[in-house]
Amino acid sequence: MERGGFYAIVDPAHCGGRPPVDVAQQLLSGGAALLQLRMKTGSDREHVALARALRELTRAARVPFVMNDRADLALLVDADGLHLGQDDLSVADARRLLGARQLGVSTHDVQQATQAERDGADLIGFGPVFDTFTKERPDPTVGLATLAEVCRTVRVPVVAIGGL
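Everything quoted here is computed from the prediction, not taken from an experiment. (Residues numbered from 1 in each chain as written. Predicted model: local features only at pLDDT ≥ 70, side-chain atom pairs only at ≥ 80, totals over all residues. Heavy atoms only, no water.)

**Student:** Please explain the side chain of His 108 as it appears in this structure.
**Tutor:** Relative to the helices and strands, His 108 is located in the loop between β5 (102-107) and α5 (110-119). The exposure class assigned to His 108 is buried, which follows from its relative accessible area of 16%. For His 108, the side chain forms a polar contact with the main-chain oxygen of Gly 127, separated by 2.7 Å. Non-local contacts of His 108, meaning those with residues more than four positions away in its chain, are made with Gln 86, Phe 126, Gly 127, Pro 128, Asp 139 and Val 142. (Helix = DSSP H or I, 4+ residues; strand = E, 2+ residues; numbered from the N terminus. Buried < 20%, exposed > 50% of the residue type's maximum accessible area, 1.4 Å probe, protein only. Polar contact = N/O pair within 3.5 Å; in protein donor to acceptor, adjacent residues only side chain to side chain. Contact = heavy atoms within 4.5 Å.)

**Student:** What's the story with the environment of Leu 97 in this structure? I'm lost.
**Tutor:** With respect to the helices and strands, Leu 97 occurs in helix α4 (residues 91-98). Those residues in contact with Leu 97 that sit more than four places away from it in its chain are Ala 71, Leu 75 and Leu 89.

**Student:** Can you walk me through the pattern of salt bridges in this structure?
**Tutor:** It is possible for side chains bearing opposite charge to pair when their charged atoms get close. Under the counting rule described, the total for this entry stands at 10 salt bridges. Asp 69 is the partner of Lys 40 in a salt bridge, and the nearest nitrogen-oxygen pair spans 2.4 Å. Placement of Lys 40 in the loop between β2 (34-37) and α2 (44-61) and of Asp 69 in the loop between β3 (65-68) and α3 (71-76) is noted, with a sequence separation of 29 residues between them. Classification of Asp 69 as buried rests on a relative accessible area of 19%. For Arg 70, the salt bridge is made with Asp 44, and the minimal N-O distance between the two is 3.0 Å. Here Arg 70, found in the loop between β3 and α3, pairs with Asp 44, found in helix α2; they are 26 residues apart in sequence, far enough to count as distant. On the basis of relative accessible area, Arg 70 is assigned to the partly exposed category, the value being 23%. (Salt bridge = Lys/Arg side-chain N within 4 Å of Asp/Glu carboxyl O.)

All we've got here are geometric facts, nothing functional implied.
As structure tokens, then:
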């Protein structure tokens, strides 16, 4: 997970009408270093079906697969990791369920980033770096200078998120 590169996120609501599996395949063909499923709508069955399809693609491509928000589904589909938001499970609770799998946390200021690292996060998602239109109520844009500050402050890998 520390090899760097493009951290790709597939969200069916933002695939421009294309099948999410096709979008994921294009991202993997383009060199994505990691693929995350972010799916805020749909039934659990729809989540699991899509997650399993993406898991197959990532295994074939030898790229880690990460679920967003849902530790239970991450376990069901044998995801390599889980990415948590500020209102999701705590890192400690997720770690109890997922063991050594990668745990990432979305953060929006330096204090949240340092707290996520102290809590045991393996990766920090930081942003939104730029204005974003994929969330109903986005956090305030943080910009590149604050992203650089977070990168200097924490020791775990940082992924820029929001408006990219």
